[in-house]
Amino acid sequence: MAHIANRGSDIAAHPDVAEMRARYARMESRRGVVAIDGMVLLAGLYAAISPWVVHFGPTNPLLINNLVLGIALAVIGMGLTLAPERMFRLSGVVAAIGVWLIISPWVVTVGHHPTAGMIWNNVVIGGICCALGLVAVAMVMSLGRPTGR
């Protein structure tokens, strides 16, 4: 009887290991990758503390929105920095969170009236996150799969 129950989880024998390692090495060797990951982390930290910097008020639903999205951005930025080979596909999520931050003052605050400071704060943070996400996606897309097979 064939012994198939104890197959190891080591992928060292996989035929595409060399190609995957080379691709991740190219991705990590790019100079701007680390800078973008760090900026995503900083933008997330600012988004998380921005309700207290701009004085949103304790009953404003935008406070929870920015806190949760800021923490999410910071975690994604930390993941991109510490394990880029596993997290690089989440770069598009950063751009999506940026778009949500831009429109959230009008969507989340139904029944409340956002101040100009709240609107400008979210539009600027959202624009920065959207730009960082798009640049990160462009870097990932430029790595593409080699076509010479």
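Everything here concerns the structure above.
All values derive from a computational prediction rather than experimental measurement. (Residues numbered from 1 in each chain as written. Predicted model: local features only at pLDDT ≥ 70, side-chain atom pairs only at ≥ 80, totals over all residues. Heavy atoms only, no water.)

## Thoughts on the overall build of the protein
Let me state the cut-off plainly: Helix and strand labels come from DSSP, where a helix needs a run of H or I of at least four residues and a strand needs a run of E of at least two; each type is numbered from the N terminus. Note on exposure labels: buried denotes an accessible area under 20% of the residue type's maximum, exposed denotes more than 50%, and partly exposed covers the range between, all computed with a 1.4 Å probe on protein chains only. All accessibility values rest on the Shrake-Rupley procedure with a 1.4 Å probe; residue burial counts only the protein chains present in the view.
The number of helices and strands found in the protein is six helices and zero strands. What you see in the protein, going N to C, is helices and strands ordered as α-α-α-α-α-α. Counting only residues that meet the buried cut, the protein has 34% of its 149 residues in that class. Carbon and sulfur atoms form 69% of the exposed surface of the protein, whose accessible area is close to 9,200 Å².

## Re the side chain of N66
For the record, the criterion: Whenever two N or O atoms come within 3.5 Å, that pair is a polar contact, provided that in protein one can donate a hydrogen and the other can accept it, and provided that, for residues adjacent in sequence, both atoms are side-chain atoms.
Here N66 lies in helix α3 (residues 61-82). Residue classification places N66 among the buried residues on the basis of a relative accessible area of 0%. At 2.8 Å, the side chain of N66 forms a polar contact with the side chain of N122.

## Points about the packing of α3 against helix α5 (residues 91-107)
Two measures define how a pair of helices packs: the angle their axes make with one another and the distance between the axes. Here is the rule we go by: Here, axes are lines fitted to C-alpha atoms. For helices the fit covers the stretch in contact, and angles between N-to-C directions go from 0 to 180 degrees. Should an angle fall under 35 degrees it is taken as roughly parallel, and over 145 as roughly antiparallel, whereas 65 to 115 is taken as roughly perpendicular and any remaining angle as oblique. Note on convention: the crossing is left-handed when the near helix lies turned anticlockwise from the far helix by less than a right angle, right-handed when the turn is clockwise. Here, two residues are considered to be in contact whenever any of their heavy atoms come within 4.5 Å of each other.
Where α3 meets α5, the axes come as close as 11 Å, and the angle between the chain directions of the two elements is 165°. By the criterion of interaxial angle, the relationship of α3 to α5 is roughly antiparallel. Of the two elements, α3 crosses α5, and the hand of that crossing is left-handed. Within the contact between the two elements, α3 uses L62, N65, N66, L69, L73, I76 and L80 and α5 uses S91, V93, V94, I97, W100, L101, S104 and P105.

## Observations regarding the nonpolar core
What counts is decided by this rule: In plain words, nonpolar cores are sets of buried Ala, Val, Leu, Ile, Met, Phe, Trp, Tyr and Cys residues tied together by side-chain atoms within 4.5 Å.
Counting residues in hydrophobic clusters, the biggest one holds 15 residues, and the most contacted among them are L73, V94, I97, L101 and C129. At the level of elements, α2 (31-53), α3, α5 and α6 (116-143) are the ones that each hand at least two residues to this core. Setting aside residues no more than four positions away along its own chain, L73 makes contact with V40, G44, V94, I97, L101 and C129.

## Overview of unusual backbone geometry
Even without glycine at this site, H55 takes up a positive phi of about 65°. For H55, the position within the fold is in the loop between α2 and α3. Its relative accessible area of 64% is what places H55 among the exposed residues.

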